[in-house]
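Each chain, written out:
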Amino acid sequence: MNDFFSKTDLSRKDAEAVISETLNKCDDGELYLENSKSESIVLDDNKIKSSSYSSDLGYGLRAVTGEVVAYSHSNEISKNSLKQSANNLSSTLKSKKGIYNHEIPKTNEKLYKDINPIEEKSLNSKLELLKEVNNYTRAKGGIVQQVTASFAGEHKSIEIIRAGGEVLTDVRPLIRFNVSVMLEKNGKKETGVYGIGGRQSYDEYLKNNNWKKVCDEAFRIASVNLESKAAPAGEMKVVLGPGWPAILIHEAIGHGLEGDFNRKKTSAFHNLMGQRVASEGVTIVDDGTLHNRRGSLTIDDEGTPTEKTVLIENGILKNFMQDRLNARLMSTRSTGSGRRESYKHVVLPRMRNTMMLNGKYSQEEMIKSVDKGIFAVSFGGGQVDITSGKFVFNCTEAYEIINGKIGSPIKGATLIGDGPSILKEVSLVGNNMMLDPGIGTCGKAGQGVPVGVAQPSILIDKMTVGGTQL
Amino acid sequence: MVKDQNHLEKTASFCLDFAKKLGATDSTALVTHSVSETVNFRNKKLDESERSDNLGITLTTYIGKKKSSISSSNLTENNIKTLIERCIETTKITPEDEFNSLPDKDLLAKEINDLNLYDDDHIENDEKIEYLKEVEDSAFEKKEIINTESGFSESKSNFILANSDGFLNGYKSSSFSASCVAVAKVSNNMERDYEFTNVCHLNDMSKPKQIGRMAAKKTIQKLNPQKIESEKISIIFDRRISKGILSTFASAISSSSIARGTSFLKDKMNEDIFAKSINIFDKPDIVKGLGSRYFDSEGVKTEELKLVDDGVLKHYLVDTYNGKKLNLKSNGRRDGTSNLFFEKGSISYQDLLKLNKRTLYITETIGHGSNLVTGDYSVGATGFVVENGVFKYPISEITIAGNFKDIFKNITIADDLEFKYSTNSPTMLIEGMVVAGK
């Protein structure tokens with residue numbers, strides 16, 4: 001375990017005293033301590049472009065009463081600094097009175113091993129592999145103009161001290177390996193990007209020449225795009241492939257089901273609990289308990305063990321995702337969804353691994369049923385306007401569908417839809433559910449956290465495709 | 001509030017000295033400290049207060065042409081020493097790169113003329129609360145408004161940049177900002193919009209009533225949007241959106257994209273890339289400017305550049321490393337542009353609205369639909385239909401698409417340039433965009 005108090009004038013006992021005194025008349029709160037190490041090694045343009053390492057340490061002291069959150073954070077763990085933070089919190093909450101909720105569920109399960117992925121693979125072997133990646137990918141032919149490959153690793157230890165001295169800890173490894181390829185043919189340039197990752201050591205993901213598959217996939221996507229023609233513009237049927245395209249669910253539905261937006265009644269879903277928001281065959285869960293997955297957490301950043309939360313069951317809205325604050329104000333319990341990017345950030349209810357479960361149709365049946373539409377296999381980023389419910393995402397690999405058959409690849413285009421109505425347009429749900437490769441980062445209120453998504457293929461009856469071909 | 005120059009200099013010098021002792025031939029240290037205090041309000045009640053205190057270092061060490069870097073917010077002497085040792089060990093085994101080096105000494109900033117980027121004024125949280133109350137009260141004057149969230153943030157920062165060639169400089173800066181997000185509702189439709197102010201000096205902030213009223217007005221305008229048919233049509237970008245075209249342009253002329261060959265503007269130097277009437281400036285020395293700076297994060301002085309002259313591309317944004325690759329001198333743009341703007345056009349906002357019989361006026365785009373390699377552009381959008389210069393009705397759930405190479409050539413700029421962000425554009429008309437709707 002990390003000892004946050006070994007190199008400072010602040011003893012654990014002092015800290016506990018400050019916490020208890022500050023949170024005495026509050027509903028909730030804690031001292032959150034974090035020690036994180038991270039590395040980034042990037043190969044680009046035939047060279048090691050950068051190798052950097054970062055070591056960060058800090059705390060965030062939080063007091064919550066009623067609807068009000070007071071937060072103060074610093075990277076100086078000392079008596080003085082903590083006292084200053086405590087004063088800052090007390091002055092915000094001076095006129096408020098609450099009753100501290102000591103109850104917090106416990107878990108003995110660990111969803112990932114206590115390893116430091118940065119130290120488990122030597123720098124030399126990382127540099128060596130990046131060189132191999134570059135050579136292997138460039139050997140695919142003269143059309144390869146640029147190869148970028150990177151390792152990103154992180155080891156984060158957290159400790160949560162609650163009023164009364166209760167302590168909760170977690171150690172979280174996280175890695176990502178990424179390859180990006182740019183091809184040029186007949187004056188046309190296209191890129192392809194692919195990556196893998198999760199909460200295990202680099203070698204778990206790269207072994208058995210798995211890294212070659214990452215290079216192959218990035219090259220394949222870029223090759224497909226070299227042959228792409230202009231995308232159509234207008235409303236049409238859309239078949240989404242399995243796995244990563246589930247970021248549609250993340251954007252269209254997921255954000256709108258986070259507790260804070262619903263407590264504040266700014267989500268387009270806030271008054272739809274218990275009502276039909278999707279077609280009969282649609283069930284969506286947000287699961288923080290999958291072993292070693294990028295979006296999984298043994299405990300969330302308030303100390304609550306994560307769980308598998310059913311959001312939509314057979315088309316009916318069942319639950320929102322909650323942190324402790326929003327759960328208390330909405331008279332329900334935390335779903336273990338309270339997350340923060342780091343000690344520099346307040347806790348917000350966030351997604352973990354958001355998944356649409358299997359239906360009974362094959363992808364082939366879906367494509368066959370479409371006269372004119374598109375088949376979207378992979379996406380870049382997406383975004384949503386919570387209040388109006390409108391969301392977008394960008395295709396990075398897509399094809400036209402004509403008379404039930406997959407046709408030419410089409411250029412990257414934005415798809416736009418309406419969150420509360422899109423899932424009612426889902427007419428077929430596939431039987432081929434797949435998890436994404438472990439590369440997602442979700443942004444909310446300026447905070448990025450690692451997440452996962454999964455889905456089978458689905459057929460959406462009507463969506464607007466933002467191409468240039470009228 | 002923020003630590004003084006002396007304190008930061010000591011840490012920077014310690015890093016450089018220790019790195020040298022361990023065998024670094026060159027090194028650069030950046031020490032930054034920032035303190036900020038934010039208060040957030042919601043529906044006329046206090047929602048959140050946040051205080052943030054961040055001290056951090058970044059050190060880059062060179063051994064000949066080998067390079068590596070570390071950063072940390074754990075500044076105990078022992079930890080810094082361990083990290084520098086690690087940095088040196090990493091540097092030793094990182095392959096050489098012939099273009100790695102400190103900047104040319106003659107390009108380093110020497111004197112700096114005070115641009116008034118720091119305001120020592122401090123505003124207590126209680127005063128911030130008074131300001132926000134007035135913001136939200138003015139937003140709620142409109143009965144359609146059902147929800148407001150507003151915030152007031154004050155931040156002060158200081159930094160020292162030092163390198164082993166003797167560069168040692170830094171300065172304080174301050175920022176005061178307030179914003180209001182309003183939600184309006186009629187029957188089954190909810191919409192959201194916002195207004196904000198962000199300045200270096202407390203006294204330059206907008207009045208709270210202006211913020212609240214504008215947020216409410218903009219939100220209510222968006223209620224009951226329609227979806228329109230797909231068509232090819234001229235569109236107008238509000239100033240909130242038009243500046244995004246400049247940001248894309250800036251990314252496409254960064255020396256790193258150019259050197260890697262991954263920009264659609266590669267090999268376009270001295271060629272017409274914009275309409276003839278277009279001039280683009282990057283001016284780092286605007287007094288109290290939000291993007292103003294004296295030098296970049298390598299210490300290279302930044303001077304004004306006319307990036308585009310009568311539609312012709314004249315400069316890339318060059319740092320030391322990519323400059324050496326491209327055989328160009330750094331122009332102090334390691335961190336991108338400073339105060340980037342289109343020179344204002346000759347047509348008024350009202351006349352721009354009337355240029356076409358029917359146009360779409362876009363106030364918000366969503367999604368990350370700019371492809372810098374191909375120049376392809378496709379994003380979700382909301383806005384208004386404008387006919388004969390008159391706003392008719394709001395529209396949403398549409399996309400707009402095109403290619404930047406064409407977009408740049410088909411731009412007309414109004415004369416309403418204001419400096420509200422670090423990157424600023426007047427209202428902009430773009431001919432011939434494809435809109436996808438029904």
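For the structure, see preceding data.
Just so it is clear, the model here is predicted, and its values are computed rather than measured.

1. Focus on the overall build of chain B
Reasoning step 1: Of the regular secondary structure elements, chain B holds 9 helices and 18 strands.
Reasoning step 2: Against the 2.2 N^0.38 benchmark of 22 Å for 438 residues, chain B shows a C-alpha radius of gyration of 24 Å, consistent with a compact globule.
Reasoning step 3: A separation of at least 24 residues holds for 73% of the contacts in chain B among residues at least 6 apart in sequence.

2. Describing the pairing of strand β13 (residues 353-356) of chain A
Residue and element names in this part refer to chain A.
Reasoning step 1: Residues of β13 alternate between two faces, with N353 and M355 on one and T354 and M356 on the opposite face, all of them buried.
Reasoning step 2: Note that strand β8 (residues 284-287) and β13 share 3 bridges and pair antiparallel. Residue D286 lies in a different strand from β13, and its bridge partner there is T354.
Reasoning step 3: Judged from the 3 bridges that link them, β13 and strand β21 (residues 447-455) form a sheet pairing that is parallel. For T354, the partnering residue across the bridge sits in β21 and is V453.

3. Quick look at the packing of helix α4 (residues 123-138) of chain A against helix α6 (residues 210-226) of chain A
All names here are of chain A.
Reasoning step 1: Where α4 meets α6, the axes come as close as 10 Å, and the angle between the chain directions of the two elements is 40°. The angle between the axes of α4 and α6 places the two elements in the oblique class. The crossing of α4 and α6 is right-handed. Contacts from L129, V133, Y136 and T137 in α4 reach W211, K212, C215 and F219 in α6.
Reasoning step 2: Each residue belonging to the contact of α4 with α6 can be placed in one class, and the counts come to 6 nonpolar, 1 polar and 1 charged.

4. Describing the sheet that holds strand β17 (residues 423-424) of chain B
Residues and elements named next belong to chain B.
Reasoning step 1: Across the sheet, which stays open at both edges, the 5 strands sit in the order β11-β10-β9-β12-β17 with mixed pairing between neighbours. The open sheet has two edge strands with one neighbour each: β11 (312-313) and β17.
Reasoning step 2: Where strand β10 (residues 305-309) and β11 come together, 2 bridges link them in antiparallel fashion. From the neighbouring strand, D309 faces β11, where its bridge partner is V312.

5. Side note on helix α7 (residues 247-254) of chain A
Reasoning step 1: Of all the 8 residues making up α7 of chain A, 8 are buried; the element is thus mostly covered by neighbouring parts of the structure.
Reasoning step 2: Along α7 of chain A, the residues classified as buried are I247, L248, I249, H250, E251, A252, I253 and G254 of chain A.

6. A short note on the pairing of strand β17 (residues 414-418) of chain A
Residues and elements named next belong to chain A.
Reasoning step 1: Counting buried positions along β17 gives 4 out of 5 residues, so the element sits mostly inside the fold.
Reasoning step 2: Bridge count for strand β15 (residues 390-402) against β17 is 5 bridges, and the pairing is antiparallel. In the strand pairing of β17, K390 is matched with D418.
Reasoning step 3: Pairing geometry for β17 and strand β22 (residues 458-466), over 3 bridges, is antiparallel. Of the residues in β22, the one forming a bridge with I416 is T464.

7. Comments concerning the interface of chain B and chain A
Reasoning step 1: With 58 residues of chain B at the interface, the matching set in chain A holds 67 residues.
Reasoning step 2: When contributions to the side of chain B that touches chain A are tallied by element, the ones reaching two or more residues are β2 (45-63), β3 (66-72), α2 (77-93), β7 (189-199), β14 (376-387), β15 (390-403) and β18 (428-436) of chain B.
Reasoning step 3: A per-element tally of the side of chain B that touches chain A places β2 of chain B first, with 10 residues.
Reasoning step 4: Tallied by class, residues from the side of chain B that touches chain A come to 14 nonpolar, 29 polar and 15 charged.
Reasoning step 5: Pairing of strand β2 (residues 47-65) of chain A with β3 of chain B involves 4 bridges; the strand directions are parallel. Its bridge partner being in β3 of chain B, Y53 of chain A is matched across the sheet by I70 of chain B.

Rules behind the numbers
- Residues numbered from 1 in each chain as written.
- Chains lettered and ligands numbered in written order.
- Predicted model: local features only at pLDDT ≥ 70, side-chain atom pairs only at ≥ 80, totals over all residues.
- Helix = DSSP H or I, 4+ residues; strand = E, 2+ residues; numbered from the N terminus.
- Rg over C-alpha atoms; globule rule 2.2 N^0.38 Å.
- Contact = placed C-beta atoms within 7 Å.
- Buried ≥ 20, exposed ≤ 12 C-beta atoms within 10 Å, placed from the backbone.
- Pairing = 2+ DSSP bridges.
- Axes fitted to C-alpha atoms, helices over the stretch in contact; angles between N-to-C directions.
- Parallel < 35°, antiparallel > 145°, perpendicular 65-115°, else oblique.
- Left-handed = near helix turned anticlockwise from the far one by under 90°.
- Nonpolar A, V, L, I, M, F, W, Y, C, P; charged D, E, K, R; others polar.

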